Amino acid sequence: MTLAPESEARPVPEGYVRLTIDGIEVEAPKGELLIRTAERMGITIPRFCDHPLLDPAGACRQCLVEVEMNGRAMPKPQASCTMTVADGMVVKTQNSSPVADKAQQGVMELLLINHPLDCPVCDKGGECPLQNQALKHGRAESRFHDTKRTFAKPVPISSQVLLDRERCVLCQRCTRFSKQIAGDPFIELLERGALQQIGIGEQQPFQSYFSGNTIQICPVGALTSAAYRFRSRPFDLVSTPGQCEHCASGCATRTDWRRGKVMRRLAGDDPEVNEEWICDKGRFAFRYANAADRITRPQIRENGKLREASWTEALQVAAEGLTAARDAGGVGVLPGGRLTVEDAYAYSKFARVALRTNDIDHRARPHSTEELRFLESTVVGVTPENGVTYRDLESAPAVLCVAFEPEEESPIVFLRLRKAARAGGTQVFHVAPRTSPGVEKTTVITHAGGPVRTGSLVQCVPGGEAAALESLPSDVDEAIRQQGAVLIVGERAAEVPGLLSEVLRTAQRTGARVAWIPRRAGERGAIEAGALPTLLPGARPVVDDHARSDVERTWGMAPGSLPAAAGRDATEILTAAASGELSGLVVGGVDPDDLPDPELARGALTGAGFVVSLELRPSAVTEQADVVLPIAPSVEKSGSYLNWEGRRREFTTTIDGTGALPDCRVLDTLAVEMDADLFTQTPAAASAELDRLGTHTGGRTADPDEAVAHAPRPGPGQAVLATWRQLLDNGSLQVEEPSLAGTARNRVAIVSPETAKRVEISSGQRLEVRTEQGKIVLPVEIADMPDGVVWVPTDSGKARVHKVLGAGHGALVDIAPSSASPESNGHSLNGNSPAHHHGGNA
């Protein structure tokens, strides 16, 4: 190749090389794949196995190009997805090389030899890369006239992923994703030669929280969704970009729907957040919006029973009841943690303006006063500009997770931690009682050369996390002292006295940056919107006179109108309602069983004089509510969430014209009936007003500084309870998803070998975990755990820890072998089903 004089004179930037593709000179960073350089130039090279987030494989050979090096052509075409750029390289793609074009046509012909001609019924038909590339880069006629190979189909490799083996082109995208990205190597290439096919091990289903991604990245129709198979065609669907409503990860999604019904949900492309992945809960758990028992009309209680009513009547009854309750003992507000920013803002404003109270708390989970101070001092007001981001996790030299189970509580954070450990060598440490699957997959990374340990578990007894953090092993302490290190703490820290204080002290001592990652999608937004007893919207302390004045001016209220004293938190609201001190409750989709004391919550619902419930489906609150007001699910409204970074995740209405109203509209109309104006008729109006308020620039609450608590010591026949929620459990948003439920992890009680020996129980037998309130019976699994500790899922099957045991993480429980049936319990054998509504269980 002869370069023009001006090209010779122009120096190549450091770290770059200069090459020519299809006669066009280009500079590319060293190490970049040829196929990526061509993409940047707008040259499309056909491919099947290549994916920008997976390691190169060179499996399909469809991306063959002609390459010259030092003026000499390579003897045969090369795979552009595995070859990196080099200085002076000359590349000819199918656009300029008959050799490359012929090679690609030949590969396509081989791929189609056994591929079935079932495009009219294939789920991928209409959006299939094989179809598109066969038309553009294949031969017009086939030279193959023998009988195509067939297999029995479909093969269920899990309850939600079905395999059509004869469609597979062996691109290995699914196997590479499972091994590299998710760390779940349950799907593999089996056999060799012409018999090679995708499969799973016997008695080992593809039980991964991320299996749906293999369906989306499959370039043919080999992997299909059990829930979507044969339900629709791509050209029948309308696609709407959206945001996942399930957890605080903030994933971008794409919702495909037709005739007013969601048919499927896919991962959106957002490199800053979820890249191109979502968990299976975000992908498949969307049918709750069309559940058979969905509440579509308002209801009022008459003669002890609920009856349907018009909106006008229901709002009048609600307004009269709340006004009377407000003027008597007052009304508490429990919005729940599932709300959009706009709806949470409406609850916050409704409490202050219509009910004249600061008794509002969105934390429908175990919580504490220490956590409230932590949120005020450290979390509120954090954005990607001043806080920790996904990019920071990926580039951090070390990450320490405390009271946080990433795979279960924020799956995309788990994927980013695993990517950081695998690609960047990030050391990931966990302060936890046991080596869970998520801990294992972020601390031990399996490469081609074998497993490499990139982190470790700092094992501790539940309730002893603060003490463990105070005296970290020297290697962990040294690692998180590096610049850019991150300390992640989960919402479970609220159950451990002194832990959040110790997190801040550790961050100050080591220089690590702190990130708080809750489970629910609406938690961060509710904090910013002021759905807390001590915070007004925009991080304004309730007790700050200037902060209250700012809000009063924006809301058009007379000076001094806002209540000046901090309100009650959720537990205090429930206690006051149960005792009759509070006369009413406004509940926004809170499941009592999610709270640390479900019996107290039920007592509060009974003791409150007047209860208004805003919800999507019947729940335990419905049974006691005087007025039930139906609200819209996320697909039927617009709005935004704040993810754990504080990043705004806006979405528009997907299914329009249903008549369903968002919480902010319902509360606005209810406030009008109470002679108060909220001006939150639409999410856009609520969002605009919150933006006008801005973020408080004054002083912050001081950091909590509680003493370190130590774990309790179990006596004979006792153990310390470790528990957290699993991603797939009794969550109300997972209702009517049997395929998804089939991939939930086994419900077991986990103890150490020494504890099992002490209790005289062996693996597979049933263990009884009990308190004075009730008991849970589960098959036992023996694993690496501290002695005297038992782990039980918080809310899976009949293992409903808060409801049945009345206990939580770090509590003392009794354990003993049991002859009762698996999963039975001594508290709830009356057939009560889990509460299902718009904002309860995750």
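I will try to describe carefully the structure that is included in this document. (Residues numbered from 1 in each chain as written. Predicted model: local features only at pLDDT ≥ 70, side-chain atom pairs only at ≥ 80, totals over all residues. Heavy atoms only, no water.)

What to know about helix H19 (residues 545–555)
Test applied: To sort residues, take the accessible area from a 1.4 Å probe on protein chains only and compare it with the maximum for the residue type: under 20% means buried, over 50% means exposed, and anything in between is partly exposed. What counts as a helix is a DSSP run of H or I of at least four residues, what counts as a strand is a run of E of at least two, and both are numbered from the N terminus. Arc definition: it is the arc formed by the directions from the helix axis to the C-beta atoms. Note on contacts: a residue pair is in contact if any heavy atoms of the two residues lie within 4.5 Å. Definition of a polar contact: a pair of N or O atoms within 3.5 Å, with one able to donate and the other able to accept a hydrogen when the atoms are protein atoms, and with sequence-neighbouring residues admitted only if both atoms are side-chain atoms.
Among all positions in H19, only Ala 547, Arg 548, Val 551, Glu 552 and Trp 555 are buried. Angularly, the buried residues of H19 cover 135° about the axis, an arc narrow enough to put them on a single face. For H19, exposure combined with an orientation more than 90 degrees from the buried face picks out His 546 and Arg 553. Packing partners of the buried residues in H19 comprise helix H9 (341–354), strand S25 (535–536), strand S26 (540–541) and helix H23 (683–693). With a side-chain oxygen positioned 2.9 Å from the backbone nitrogen of His 546, the residue opening H19 is Asp 544. Directly after H19, the chain includes Gly 556, whose backbone phi takes a positive value near 70°.

Some remarks on a negative patch on the surface
The test is simple: Patches here: salt-bridge-free residues with over 30% relative accessible area, like charges joined within 9 Å, nonpolar side chains (Val, Leu, Ile, Met, Phe, Trp, Tyr) joined within 5 Å. In these tables, accessible area is a Shrake-Rupley quantity obtained with a 1.4 Å probe, and a residue counts as shielded only by the protein chains included in the view. Salt bridge, as used here: a side-chain nitrogen of Lys or Arg that lies within 4 Å of a carboxyl oxygen of Asp or Glu. Counting rule for charge: Lys and Arg are taken as positive, Asp and Glu as negative, and neither His nor the chain ends is counted. Charge positions come from single atoms, namely NZ of Lys, CZ of Arg, CG of Asp or CD of Glu.
A contiguous patch of negative charge on the surface is contributed by Glu 320, Glu 673, Asp 675 and Asp 677. By secondary structure assignment, the location of Glu 320 is in helix H8 (residues 311–328).

Description of the pairing of strand S16 (residues 305–308)
The line we're drawing: Strand pairing follows a simple DSSP-based rule, namely that at least 2 bridges must link the two strands.
One ladder, built from four bridges, connects strand S15 (residues 299–302) with S16; its direction is antiparallel. Looking at the pairing, Glu 302 lines up with Lys 305 of S16. Remark: two residues form the turn of the hairpin made by S15 and S16, two consecutive strands paired antiparallel; Asn 303 in that turn has positive phi of roughly 55°.

Some details on the packing of aromatic side chains
Our working definition: Working definition: rings of Phe, Tyr and Trp (its six-membered ring) pair if their centres are within 6.5 Å, and the pair is stacked with planes under 30 degrees apart, edge-to-face with planes over 60 apart, and tilted otherwise.
Enumeration over the complete set of coordinates arrives at six aromatic pairs. A ring pair is formed by Phe 177 and Trp 277, whose centres lie 4.8 Å apart and whose planes are at 55°; its orientation type is tilted. Linking Phe 177 in helix H5 (residues 173–182) with Trp 277 in the loop between strand S14 (261–267) and helix H7 (280–284), this pair joins segments that are 100 residues apart in sequence. The two residues Phe 177 and Trp 277 agree in class, both being buried. Considering the side-chain rings of Phe 210 and Phe 414, the 5.8 Å spacing of their centres and the 15° angle between planes classify their relative orientation as stacked.

Observations regarding unusual backbone geometry
Among all residues save glycine, negative phi is the norm, and among peptide bonds the norm is trans. The omega angle of the peptide bond from Lys 153 to Pro 154 is -10°, so this bond is cis rather than trans. By the element assignment, Pro 154 lies in the loop between helix H4 (129–137) and strand S7 (155–156). The backbone of Asn 303 sits at a positive phi, close to 55°, despite the residue not being glycine. Mapped onto the elements of the fold, Asn 303 is located in the loop between S15 and S16.

Some thoughts on the packing of H9 against helix H22 (residues 663–673)
In plain terms, the rule: Working convention: axes come from line fits to C-alpha atoms, limited for helices to the stretch in contact. Angles between N-to-C directions cover 0 to 180 degrees. By definition in this entry, angles of less than 35 degrees are roughly parallel, angles greater than 145 are roughly antiparallel, angles of 65 to 115 are roughly perpendicular, and the rest are oblique. Crossing handedness is defined as follows: a turn of the near helix away from the far one that is anticlockwise and smaller than a right angle gives a left-handed crossing, while the clockwise case is right-handed. Only Asp, Glu, Lys and Arg are considered charged, only Ala, Val, Leu, Ile, Met, Phe, Trp, Tyr, Cys and Pro nonpolar, and every remaining residue, Gly among them, polar.
One can describe the packing of H9 onto H22 by two numbers: an axis separation of 8 Å at closest approach and a directional angle of 20°. Between H9 and H22, the angle is such that the two are roughly parallel. Considering how the two elements wind past one another, H9 and H22 form a crossing that is left-handed. Note on element contacts: H22 touches H9 through Asp 663, Cys 664, Leu 667, Leu 670 and Ala 671, opposite Glu 342, Asp 343, Ala 346, Tyr 347, Phe 350 and Ala 354. Of the residues in the contact of H9 with H22, the class split is eight nonpolar, no polar and three charged.

Comments concerning the sheet that holds S14
In spatial order, the strands read S12-S13-S14; together these three strands make up an open sheet with antiparallel pairing. The open sheet is flanked by strand S12 (238–243) and S14, the only strands paired with a single partner. When strand polarity is set aside, the average angle formed by the axes of neighbouring strands in this sheet is 30°.

Notes on the nonpolar core
Selection rule: We define the nonpolar core as a collection of buried residues of types Ala, Val, Leu, Ile, Met, Phe, Trp, Tyr and Cys that are connected through side-chain atoms lying within 4.5 Å of one another.
Judged by nonpolar contacts, the single largest core of 82 residues is most densely connected at Leu 19, Leu 34, Leu 393, Val 413, Ile 488 and Trp 644. Examining the composition of this core, we find that five residues originate from one element, helix H13 (residues 411–423), more than from any other. Those residues in contact with Leu 19 that sit more than four places away from it in its chain are Ile 24, Glu 25, Val 26, Ala 28, Leu 34, Val 85, Ala 86, Met 89 and Val 91. In this structure, Ala 314, Ala 351, Phe 610 and Val 612 belong to the second largest nonpolar core, which totals 60 residues.

Examining the pattern of salt bridges
Enumeration over the complete set of coordinates arrives at 73 salt bridges. A salt bridge links Glu 109 to Arg 139; its shortest N-O distance comes to 2.6 Å. Taken together, the residues Glu 109 in helix H3 (residues 98–112) and Arg 139 in the loop between H4 and S7 connect sequence positions 30 residues apart. Owing to a relative accessible area of 32%, Arg 139 belongs among the partly exposed residues under this scheme. The closest approach of N and O atoms between Asp 545 and Arg 548, which form a salt bridge, is 2.6 Å. In this pair, Asp 545 and Arg 548 are both assigned in helix H19, three residues apart and thus about one turn of the helix distant. Under the relative-accessibility criterion, Arg 548 is labelled buried at 12%. Each of the salt bridges in this network shares a partner with another, and the network as a whole consists of Arg 520, Asp 591, Asp 593, Asp 594, Arg 602, Arg 725, Asp 729, Asp 795 and Arg 800.

Examining helix H21 (residues 598–607)
Burial in H21 covers these residues: Pro 598, Leu 600, Ala 601, Ala 604 and Leu 605. All buried residues of H21 fall inside an arc of 160° around its axis, so they share one side. Here the buried face of H21 lies against helix H20 (570–578), strand S27 (584–587), strand S28 (610–615) and helix H26 (801–805).

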